[in-house]
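Each chain, letter by letter, is given below.
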Amino acid sequence: MKKIMSWLLVCALSAVLFAGGCTRSREEAQDETAGQEAEGTPLEVWICYDRNVPGAYYVFQWDTLAETYGYEIEVETYSEQELRDKLKMAVVCNELPDIFYVPGGNYPEYLFEAGACMPVQEELQDAGFQDRYLTPSEDGNNYIIPCVPDSYAVAYYDAELMEEIGLEIPETMEELEEMIRRVDQYNRTHGTDYAAIELGMKDKWMGELFGCMIACLTDPEGYRGTLDGNASAGGMKALGTETSAKLRELITAGAFPENYMETGEPEAVRNFINHDAVMMVHQSSLVYHLIQNMGEDGFAAAAFPGYGADAAGGYHLMDMNGSYKPGLAVNARSEYREDAAALCVEFALEVNRINAQEHGYLNITDTEIAAEGSVSPQVQFLHEMEARAGGRDAFLFSALDQETGDAWGNTVKQFFAGELSEQEFSENTAEIMENYNR
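Rules behind the numbers
Residues numbered from 1 in each chain as written. Predicted model: local features only at pLDDT ≥ 70, side-chain atom pairs only at ≥ 80, totals over all residues. Heavy atoms only, no water. Helix = DSSP H or I, 4+ residues; strand = E, 2+ residues; numbered from the N terminus. Buried < 20%, exposed > 50% of the residue type's maximum accessible area, 1.4 Å probe, protein only. Contact = heavy atoms within 4.5 Å. Areas by Shrake-Rupley, 256 points an atom, 1.4 Å probe, with all protein chains shown as cover. Expected span 1.5 Å × (residues − 1). pLDDT = per-residue confidence, 0-100. Axes fitted to C-alpha atoms, helices over the stretch in contact; angles between N-to-C directions. Parallel < 35°, antiparallel > 145°, perpendicular 65-115°, else oblique. Left-handed = near helix turned anticlockwise from the far one by under 90°. Nonpolar A, V, L, I, M, F, W, Y, C, P; charged D, E, K, R; others polar. Core = buried A, V, L, I, M, F, W, Y, C linked by side-chain atoms within 4.5 Å. Pairing = 2+ DSSP bridges. Phe/Tyr/Trp six-rings, centres within 6.5 Å; stacked < 30°, edge-to-face > 60°. Arc of directions from axis to C-beta. Polar contact = N/O pair within 3.5 Å; in protein donor to acceptor, adjacent residues only side chain to side chain.

Q: Lay out the overall build of the chain in plain terms, naming residues and giving numbers.
A: What the chain contains, in helices and strands, is 18 helices and 11 strands. When burial is assessed residue by residue, the chain has 53% of its 438 residues classed as buried. Counting only contacts in the chain whose residues sit at least 6 apart along the sequence, the fraction spanning at least 24 positions is 76%. By element, 46% of the accessible surface of the chain is carried by carbon and sulfur atoms, the whole surface being about 19500 Å².

Rendered as structure tokens:
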């Protein structure tokens, strides 16, 4: 069913794009310039502008590799959503660049099924990446060269507001609810309008993450069962009822900003940086962006309340990327695909070395890399959380196929907007997951 929907997506895009006409293919453009003098062979790269890495070396590193490999590398950077849209159109019009970054989760599958990506398992064989970054596609091939560490759901707390209001980091849902009440009381007493929890629902996924975290806390086995087909229809409805009831409590308690339905994720992050909210739930990969904008003393990183170290000392993790980790893919039709694949592996290994050695970030290879200097407390926490992982669950946004994920996300957004009752939310989400598991 999921494969059928992926192909339907490609077919639908084909109908729309060919009705309006595609631009010339890269092969046609290259034929017209055949024989013309050039300083170097051009190699086109599309990547995501990623604020979640410590610096811009992931862009500049291409210049170094261009000199080594004798190519003239043209790098274009886009936001993740822009890149998603461009790839969908480019695969239909045969306009894919030689190398392109693909987001993690379920997103790349349609590219694999369309034969757009070159298999790279031979290139990865001796590279030393950790096994969890090398999950093959359903056809058994590897198409992604990993270059970004795993990202987990974490809670960030504004140090300035925590001190001003006199709060401690909550470790349980009960303590989180008490924190929300105290922020509300502080606002009424002092005439302030701080949000207890920053949230941007315009892009949906921040609310979806909140829903997943609550559902997994409520019934971990039931949550996992919604993905692997082991949950009964009644069990899924019960899980939806409990999840929506807890979310409704938070909404009614005024946990989120008044305009959260009109706020996008980038704006929500800026609001947190500007000290408009006490807490924000986001990806662990955001940590360097926050350090650059708030300083190491400006915020704290912690596990979501209830996900902290358990009796055995382990942390419960929600993997933001699902089975497929974000990384680089090579155009299967590129004239230079073998060199491009080798170049991507070298790029990924060097960026990982810089991440781990110069910035103390997470290491995606089996090779031990020691940090050269001190590591911030927030990054130390990420290392601790990963090293003591007691369990991992998938974020539905990344785990579901695109059609199912969109349906689930729209249902969550309607609930946050007050358009669905708890019963309707429960029934709708149960139906969506039942259809997914058929």
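Q: Now, about helix H8 (residues 173-190): what can you tell me, with residues and values included?
A: With 18 residues, H8 extends 26 Å from end C-alpha to end C-alpha; this agrees with the ideal 26 Å at 1.5 Å per step. Regarding H8, the residues found buried are Met173, Leu176, Glu177, Met179, Ile180, Val183, Tyr186 and Asn187. Those residues of H8 that are buried are in contact with strand E5 (153-158), helix H7 (159-165), strand E6 (195-198), helix H9 (205-218), helix H11 (233-252) and strand E7 (277-283). With its phi angle positive at about 70°, Gly191 sits one or two positions after the end of H8.

Q: Describe the confidence of the model for the chain, with residues and values.
A: On average, the chain scores 86 in pLDDT, and the residues at 70 or more come to 89%. Predicted confidence is poor over residues 1-21, with pLDDT under 50, and the contacts of this stretch with residues over four places away or in other chains come to 21 contacts. Between residues 23-39, whose pLDDT stays under 50, and residues either more than four places distant or in other chains, the model counts 15 contacts.

Q: Hey, could you go over the packing of helix H13 (residues 287-294) against helix H15 (residues 377-387) for me, with residue numbers and the actual values?
A: Two elements in contact, H13 and H15, have axes separated by 10 Å at closest approach and are oriented at 165°. Classified by the interaxial angle, the pair formed by H13 and H15 is roughly antiparallel. Relative to H15, H13 is oriented so that their crossing is right-handed. Here Val287, Tyr288 and Ile291 of H13 lie close against H15, whose contacting residues are Gln378, Val379 and Leu382. Taken together, the residues that form the contact of H13 with H15 break down as 5 nonpolar, 1 polar and no charged.

Q: Explain the nonpolar core residue by residue, including any values.
A: By size, the foremost hydrophobic cluster in this structure holds 83 residues, and its most contacted members are Tyr156, Phe210, Phe256, Met318 and Phe416. Sorting elements by how many residues they give to this core places H9 first, with 9 residues. Residues in contact with Phe256, not counting those within four places in the same chain, are Ala195, Ile197, Leu199, Phe210, Leu250, Ile251 and Phe416. By size, the runner-up hydrophobic cluster in this structure holds 53 residues, among which are Cys48, Tyr110, Ala127 and Tyr324.

Q: So what's going on with the environment of Asn106? Which residues, and what values?
A: Within the secondary structure layout, Asn106 lies in the loop between strand E3 (99-102) and helix H5 (109-113). Non-local contacts of Asn106, meaning those with residues more than four positions away in its chain, are made with Phe397, Ser398, Ala399, Leu400, Asp401 and Gln402.

Q: I'd like to hear about the sheet that holds strand E10 (residues 327-330), residue by residue, with values.
A: Taken in spatial order, the 5 strands line up as E2-E1-E3-E10-E4 in an open sheet, and their pairing is mixed. Of all strands in the sheet, those with a lone pairing partner are strand E2 (71-78) and strand E4 (145-146), marking the two edges. With 4 bridges joining them, E3 and E10 adopt antiparallel strand pairing. The partner of Phe100 across the bridge, within E10, is Ala329. This element, helix H4 (residues 80-93), spans strand E1 (41-48), E2 and E3 of the sheet and lies at about 130° to E1. Sitting on the sheet, helix H14 (residues 337-359) touches E1, E2, E3, E4 and E10, and the angle it makes with E10 is about 170°.

Q: Kindly report on the packing of aromatic side chains, identifying the contributing residues and their values.
A: In total, this model carries 17 aromatic pairs according to the counting rule given. Taken together, a centroid distance of 6.4 Å and an interplanar angle of 25° make the contact between Tyr186 and Tyr194 stacked. Ring geometry for Tyr315 and Phe381: centres 5.8 Å apart, planes at 85°, overall edge-to-face. Taken together, the residues span a long stretch of sequence, with Tyr315 in strand E9 (residues 315-319) and Phe381 in helix H15 at a distance of 66 residues. Through pairs of rings, three or more aromatic residues link up here, namely Phe210, Phe256, Tyr260, Phe304, Tyr307 and Phe416.

Q: Before we move on, could you go through helix H17 (residues 402-416) and cite the residues and values that matter?
A: Taking 1.5 Å of rise per residue, 15 residues should cover 21 Å, and H17 covers 21 Å from first to last C-alpha, within 8% of that figure. Buried within H17 are the following residues: Thr404, Gly405, Trp408, Gly409, Thr411, Val412, Phe415 and Phe416. Buried residues of H17, seen end-on, are gathered within an arc of 155° and therefore sit on one face of the element. Elements that come into contact with the buried residues of H17 comprise H9, H11, helix H16 (396-399) and helix H18 (422-436). Of the residues flanking the start of H17, the one acting as N-cap is Asp401, its side-chain oxygen 3.2 Å from the backbone nitrogen of Glu403. Looking one or two places after H17, you find Gly418, whose phi comes out positive at around 80°.

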